[in-house]
Amino acid sequence: MGFYKKYNEYNDFNFDAFFDGIKSQDIKNILSKDRLSITDFLALISPVAEEFSEDMAQMAHKLTIQHFGRVILLYTPLYLSNICTNQCVYCSFNATNKIERKQLTVQEVEIEAKAIAKTGLRHILILTGDAKEVSSIDYLKACIRILKKYFSSIAIEIYALEQDEYAQLIAEGVDLLTIYQETYNEELYDKLHLKGPKKDYLFRLDAPERACKAKIRSVNIGALFGLDDNWRREIFFTALHASYLQDTHNEAEISISLPRIRPHLGSFMPSCDVDDRNMVQIMLALRLFMPRVGITISTRENAKFRDNVIRLGVTKMSAGSTTAVGGHTQDNSTGQFDISDNRSVDQMYSAILGLGYQPVFKDWQTL
């Protein structure tokens, strides 16, 4: 429960009063610093900081080149199952939704793997619904054994696990965990997750640290923008969490994803609109606060936006994506959410090259 203690230090923080007290000179002073505090980061996502976006962009670009070069790592998601016991109001896989439920066999996983590998990609992200008795640890191990034949890096975005379960998957070949808290607002979290294992806020909150203790190579966290009506508070706690993990487990690479809620099956509507200008401000502030943190922009975002933000701090992007189970080779079933950037791997590769950056298919080899 390490991060929860840090979270509670700011749980009653008056964000509005803080933002009201920020002046232009405060932002100028912060931008002259070599190292920023968490309250400096908060100031950089304030309304006042919006007028400094060009200065922040130049600094963020310089820091990204310094730490990552002109490299964009490409990956694609592979959905193994949409069977889920949770009732999350913002997700198409909600157990109460009437969709075709399916889970790939190990043989179907290999068919998907072969098709994806033909595109040149060597980094894969596997996803399941939260149904531990169905998408069991043993099932996941069997899938990982197949995927190791085709991919140099295997990431998981699945239900939260115990530390020993993470250790088992790491031993099998998993090297990266992606897990979104969805919202750090504990009261709102309870309202959005009606039933199921995911309703346990603290168990999910501690999952990244359990994976770090199990010696995973990389952890990627995030909040789903649009759930909370205050995006500034949400990204503040995301950055606080990432900073905590980076300071406490410095052997792990820490990354942040910046997903905005997309159309999905169900009636849930976003609580606030996080527009493109907001997203850019978030990205720039993150890069200035955490120069070594990875930043992922997925195909939830449209092609124009993704192309425009590459130079602002992005280090990782998905390509040739589908959110349907078996969607790379089978007729698509209902996806978890709608894809906004439908470009193929080849199209993404060409687009990134055209922007003066180097798309990379492989930057890690699991032993």
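Residues numbered from 1 in each chain as written. Predicted model: local features only at pLDDT ≥ 70, side-chain atom pairs only at ≥ 80, totals over all residues. Heavy atoms only, no water.

Turning our eyes to something else, we now look at the nonpolar core. Counting 125 residues, the largest nonpolar core has Y166 and L258 as its most contacted members. Per element, the largest residue contribution to this core is nine residues, and it comes from helix α12 (residues 231-248). Discounting chain neighbours no more than four positions away, the residues touching Y166 are I156, Y159, A160, L161, L177, I179, A207, R210, A211 and A214. (Core = buried A, V, L, I, M, F, W, Y, C linked by side-chain atoms within 4.5 Å. Buried < 20%, exposed > 50% of the residue type's maximum accessible area, 1.4 Å probe, protein only. Helix = DSSP H or I, 4+ residues; strand = E, 2+ residues; numbered from the N terminus. Contact = heavy atoms within 4.5 Å.)

With that out of the way, let us pick up helix α13 (residues 276-289). Over its 14 residues, α13 runs 20 Å from end to end, which matches the ideal 20 Å to within 8%, given 1.5 Å per residue. Among the 14 residues that make up α13, eleven are buried, leaving the element largely enclosed by the rest of the structure. Residues of α13 that are buried: N278, M279, Q281, I282, M283, L284, A285, L286, R287, L288 and F289. Put simply, D275 is the residue that caps the front of α13, since its side-chain oxygen is 3.2 Å from the backbone nitrogen of R277. (Expected span 1.5 Å × (residues − 1). Polar contact = N/O pair within 3.5 Å; in protein donor to acceptor, adjacent residues only side chain to side chain.)

What follows deals with the pairing of strand β4 (residues 174-182). Within β4, nine of the nine residues are buried, leaving the element largely enclosed by the surrounding structure. Relative to β4, strand β3 (residues 153-157) is paired through three bridges, and the arrangement is parallel. Its bridge partner being in β4, A155 is matched across the sheet by L176. Regarding the hand of the β-α-β motif, the stretch spanning β3, helix α8 (residues 163-172) and β4 is right-handed. When β4 meets strand β5 (residues 218-223), the two strands line up parallel, connected through six bridges. (Pairing = 2+ DSSP bridges. Right-handed = clockwise from strand over helix to strand, strands pointing away.)

Here the focus is the pairing of strand β6 (residues 253-257). Where burial is concerned, most of β6 is hidden: four out of the five residues are buried. Bridge count for β5 against β6 is four bridges, and the pairing is parallel. If you follow V219 over to β6, its bridge partner there is I254. Between β5 and its parallel partner β6, the chain crosses via α12, and the hand of that crossover is right-handed. Bridge count for β6 against strand β7 (residues 294-297) is three bridges, and the pairing is parallel.

Next up on the list: the side chain of K102. Residue placement: K102 occurs in the loop between β1 (71-79) and α6 (106-117). Comment: no salt bridge for buried K102; closest opposite-charge side chain is E100, at 5.0 Å. Only 2.6 Å separates the side chain of K102 from the side chain of Q330, close enough to count as a polar contact. (Lys, Arg positive; Asp, Glu negative; His and termini not counted. Salt bridge = Lys/Arg side-chain N within 4 Å of Asp/Glu carboxyl O.)

Turning next to the packing of α12 against α13. Direction vectors running N to C along α12 and α13 enclose 25 degrees, while the axes themselves pass 11 Å from each other. As summarised for this structure, α12 and α13 are arranged roughly parallel, according to the angle between their axes. The hand of the α12/α13 crossing is right-handed. Across from W231, R232, I235, A239 and S243 in α12, the residues of α13 making contact are N278, Q281, I282, L286 and F289. Of the residues belonging to the contact of α12 with α13, the class tally is six nonpolar, three polar and one charged. (Axes fitted to C-alpha atoms, helices over the stretch in contact; angles between N-to-C directions. Parallel < 35°, antiparallel > 145°, perpendicular 65-115°, else oblique. Left-handed = near helix turned anticlockwise from the far one by under 90°. Nonpolar A, V, L, I, M, F, W, Y, C, P; charged D, E, K, R; others polar.)

Let us look at the layout of surface pockets. As a volume, the second largest pocket reaches approximately 580 Å³. As for the second largest pocket, its lining consists of 26 residues, of which R35, L36, F289, M290 and P291 are closest to the centre. Of all the elements in the fold, those that place two or more residues in the lining of the second largest pocket are α1 (2-10), α3 (24-31), α4 (38-44), α5 (53-68), α12 and α13. If one sorts the elements of the lining of the second largest pocket by residue count, α12 sits on top with five residues. A breakdown of the residues in the lining of the second largest pocket according to their chemical character gives 14 nonpolar, five polar and seven charged. (1 Å grid on protein atoms, 1.4 Å probe; cavity = no way out; pocket = protein on both sides within 12 Å on 5 of 7 lines; lining within 4 Å. Points joined across faces, edges and corners; volume = space filled by probe spheres on them.)

Moving on, we get to the side chain of T315. One can find T315 in the loop between α14 (303-309) and β8 (316-318). In this structure T315 touches F68, V71, I72, L73, R287, G294 and I295, once residues within four positions along its chain are discounted.

Next up on the list: empty space enclosed by the protein. This model, assessed by the stated rule, comprises one cavity of 30 Å³ or more. Quantified by volume, the largest cavity comes out at close to 40 Å³. Taken together, I179, Y180, Q181, Y184, R204, P208, I221, G222 and H241 form the lining of the largest cavity. Here the element with the most residues in the lining of the largest cavity is β4; it accounts for three residues. Classifying every residue of the lining of the largest cavity by side-chain character gives five nonpolar, three polar and one charged.

In short, the description is geometric, and any link to function would need to be established separately.
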